[in-house]
Amino acid sequence: MSNRQTKTDVILIGAGIMSATLGSLLKELVPDWEITVFERRANAGEESSNEWNNAGTGHSSLCELNYTVEQPDGSIDISKAIKVNEEYQVSKQFWSYLINSNLIRNPRDFIMPVPHMSFVQGEQDVTFLKKRFEALSNNPLFQGMEFSDDPAKLMEWIPLMMQDRKMNKPIAATRIESGTDVNFGALTRLLFAHLKSKNVDIKFKHDVDDIKRTSDGSWELKVRNVDTGTVERRTAKFVFIGGGGGSLHLLQKSDIPEGKGIGGFPVSGLFMVCQKPNIVAQHHAKVYGKASVGAPPMSVPHLDTRVIDKKESLFFGPFAGFSPKFLKFGSMLDLVTSVKTHNLVTMMAAGVKNVPLTTYLIKEVMLSKEKRMDALREFVPDAKSEDWELLVAGQRVQIIKDTAAGKGTLQFGTEVINAADGSIAALLGASPGASTAVSVMLEVIKKCFPQHLKAWEPKIKEMIPSYGVSLMKKPELINEIHTSTERTLGLGENLPLQIARRTVS
């Protein structure tokens, strides 16, 4: 066992999309800072960022019905939809900067144009969708959105979903062509390849066992080589904990006051996947429906065109499940060991509050393949079991904390927890996650490096032209940015997808 100790400026824990994004931003802002990355897995992007562990939706509220809530007076609140959309625009601007600067090469390696659609059934939901369409379509962020309740038009848009459908209730859909499918695993690997070329020290198969404050205000990490068991100490002025579900345990070990009273609730996910070219070729969209009563927001059912390794497939799900693990490759003891004296009451309160959710998750775990196929047939009426396989997706850990809504409130979304002095930050939570990585990491920079912000701002604005500006207040900037990013990312036409189709067939 070695106790070799080395110092660095920045340590990033976890080789997912968040650390990749923060590392890439910092390397542009302060190229001479030394950055070290520790990842317990053998490669980058093997947990939540992996392309097989998430739906790859570039979350921009074009199709996700849970981001537009119907109010008691019947109006539609679109404030969250606007926020998520603006955050995704920020991500696209940064990716465009990386491509224009030749820091990463081909956008086709990680992003594809795929229409985003919402699909509903029944008179009540059709009324809701039409109101949602009216609220969004006049907004410049959602330009180009179409609505139809005409079966003939829907047959043009989603032939696989309309084939053999019994028309015994009203149906409707919205469609917008500017949606995207993002391979976040590929993007993560591209960003880490770029960081490696910039002399970032990336240590795979290295697990952070402990993290402590030193007398000079730095952070000392106890890092174990997974293969050899060798332990070394690393110190840094700034630490970012971006280890997905594993972040909570490390936040607790840091012992910062801001991390007290916070718990985590793990939710696992499964998808049904079809890779048969004759079926895949009949569907070209990401189509989101409405979640069933009691389902967590991340369990909104959707049928997605995915492009992975230049091949198309269809994903349907996610089906929520329960596992006490906080990571897909985690420990069965993760949930139990996350319960501490400071969050015990909060966790117990959450347990009492969320009995319906727990019951729902247990039922989901117990579903047979045929029951899952029945859910799929709400979208694809003639789906056959032999054409679809079950895929275990990534783990998500929802934050539990005390809020104005009461003790033990389950939070859906992402949240940055940082020390008052900005020397350490942890990212907790789930969706929309990866899609808003750039906005979230800019928040980390703002909270943790306030003394540098003024000097860094010109470079940030070079990378992200809309930085510091609400796009809603500058609609002319929306068109300018949209045109620029669409051109750079190659999202204005569907030729690459047709090439992908030929690759499959």
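Within each chain, residue numbers correspond to sequence positions counted from 1 in written order. Local features in this predicted model are restricted to residues of pLDDT 70 or higher, and side-chain atom pairs are both shown and tallied only at a pLDDT of 80 or more, whereas totals for entire chains, interfaces and linings draw on every residue. Side-chain measures were taken over the full set of non-hydrogen atoms in the model, leaving aside hydrogen atoms and water.

- Looking at an unreviewed UniProt entry, one finds the chain named Probable malate:quinone oxidoreductase and attributed to Paenibacillus radicis.
- UniProt positions are given in the numbering used here, feature names are shortened, and annotations may be inferred rather than shown by experiment. Recorded under Pathway (unreviewed entry), the UniProt text for the chain is reproduced unchanged: "Carbohydrate metabolism; tricarboxylic acid cycle; oxaloacetate from (S)-malate (quinone route): step 1/1."
- Taken from UniProt, the Cofactor (unreviewed entry) comment for the chain reads in full: "FAD".

What about the packing of helix H1 (residues 17-29) against helix H6 (residues 184-197)?
Here's step 1: Direction vectors running N to C along H1 and H6 enclose 35°, while the axes themselves pass 9 Å from each other. Crossing of H1 against H6: the hand is left-handed. On H6, the residues touching Ile 17, Ser 19, Ala 20, Thr 21, Gly 23, Ser 24, Lys 27 and Glu 28 of H1 are Phe 184, Leu 187, Thr 188, Leu 191, Phe 192, His 194 and Leu 195.
Here's step 2: Considering only residue class, the contact of H1 with H6 consists of 7 nonpolar, 6 polar and 2 charged. Comment: axis = line fitted to C-alpha atoms, over the contacting stretch for helices; angle = value between 0 and 180 degrees taken between N-to-C directions. Starting at the N terminus, helices and strands are each numbered in turn, a helix being any DSSP run of H or I of at least four residues and a strand any DSSP run of E of at least two. Definitions for this section: a left-handed crossing has its near helix turned counterclockwise from the far helix by less than a right angle. A right-handed crossing has that turn clockwise. Contact between two residues is taken to exist if any of their heavy atoms lie within 4.5 Å; hydrogens are not considered. In this classification, Asp, Glu, Lys and Arg are treated as charged, Ala, Val, Leu, Ile, Met, Phe, Trp, Tyr, Cys and Pro as nonpolar, and every other residue, Gly included, as polar.

Side note on helix H7 (residues 247-254)
Here's step 1: The cut-offs for exposure are 20% and 50% of the maximum accessible area for each residue type, with area from a 1.4 Å probe on protein chains only; residues under the lower value are buried, those over the upper are exposed, and the others partly exposed. The element H7 is extensively covered by neighbouring structure, given that 7 of its 8 residues are classed as buried.
Here's step 2: Every buried residue of H7 is listed here: Ser 247, Leu 248, His 249, Leu 250, Leu 251, Gln 252 and Ser 254.
Here's step 3: Just downstream of H7 lies Asp 255, where phi reads positive at about 65°.

Describing the environment of Asp 209
Here's step 1: Within the secondary structure, Asp 209 is located in strand S11 (residues 206-213).
Here's step 2: The exposure class of Asp 209 is partly exposed, given its relative accessible area of 22%.
Here's step 3: As for Asp 209 and Asp 334, which are separated by 125 residues in sequence, their C-alpha atoms are 14 Å apart.
Here's step 4: The residues contacting Asp 209, other than those within four sequence positions of it, are Lys 222, Arg 224 and Lys 253.

Some remarks on unusual backbone geometry
Here's step 1: Of note, the amide linkage connecting Gly 317 to Pro 318 takes the cis form, showing an omega dihedral of -5°.
Here's step 2: You will see that Asp 309, though not glycine, has its phi angle at about 55°, which is positive.
Here's step 3: Mapped onto the elements of the fold, Asp 309 is located in the loop between strand S16 (302-308) and strand S17 (311-321).
Here's step 4: Asp 309 gets classed as exposed once you look at its relative accessible area, which sits at 60%.

Some words on helix H3 (residues 123-137)
Here's step 1: Between its first and last C-alpha atoms H3 spans 21 Å; for 15 residues at 1.5 Å apiece the expected length is 21 Å, and the two agree.
Here's step 2: Buried within H3 are the following residues: Val 126, Phe 128, Leu 129, Arg 132, Phe 133 and Leu 136. Looking down the long axis of H3, one finds its buried residues gathered within 160° of arc, a one-sided arrangement. Seen from the open side of H3, the exposed residues pointing more than 90 degrees away from its buried face are Glu 123 and Gln 124.
Here's step 3: The secondary structure elements touched by the buried residues of H3 are strand S3 (69-70), strand S4 (76-77), helix H2 (79-100), strand S6 (116-121), strand S7 (146-148) and strand S8 (171-176). Under the convention used throughout, the expected extent of a helix is 1.5 Å for every residue step, that is, one less than its residue count. Read the arc as the range of directions from the helix axis to the C-beta atoms.

Comments concerning the packing of aromatic side chains
Here's step 1: Pairing of aromatic rings covers Phe, Tyr and the six-membered ring of Trp, with a centre-to-centre limit of 6.5 Å; geometry is then stacked below 30 degrees between planes, edge-to-face above 60, and tilted otherwise. Evaluated as defined, the whole model comprises 15 aromatic pairs.
Here's step 2: Aromatic side chains Phe 94 and Tyr 97 sit 6.4 Å apart centroid to centroid with 15° between the ring planes, which places their arrangement in the stacked category. Here Tyr 97 and Phe 94 lie together in helix H2, a separation of 3 residues that amounts to about one turn. There is no split in this pair, since Phe 94 and Tyr 97 are both buried.
Here's step 3: Grouping aromatic residues by their ring pairs yields a cluster made of Trp 33, Phe 238, Phe 449 and Trp 456.
Here's step 4: The ring of Phe 128 has Lys 290 lying over it, and the distance from NZ or CZ to the ring centre is 4.3 Å. Working rule: Lys NZ or Arg CZ, within 6 Å of ring centre, within 35 degrees of ring normal, means a charge sits over the ring.

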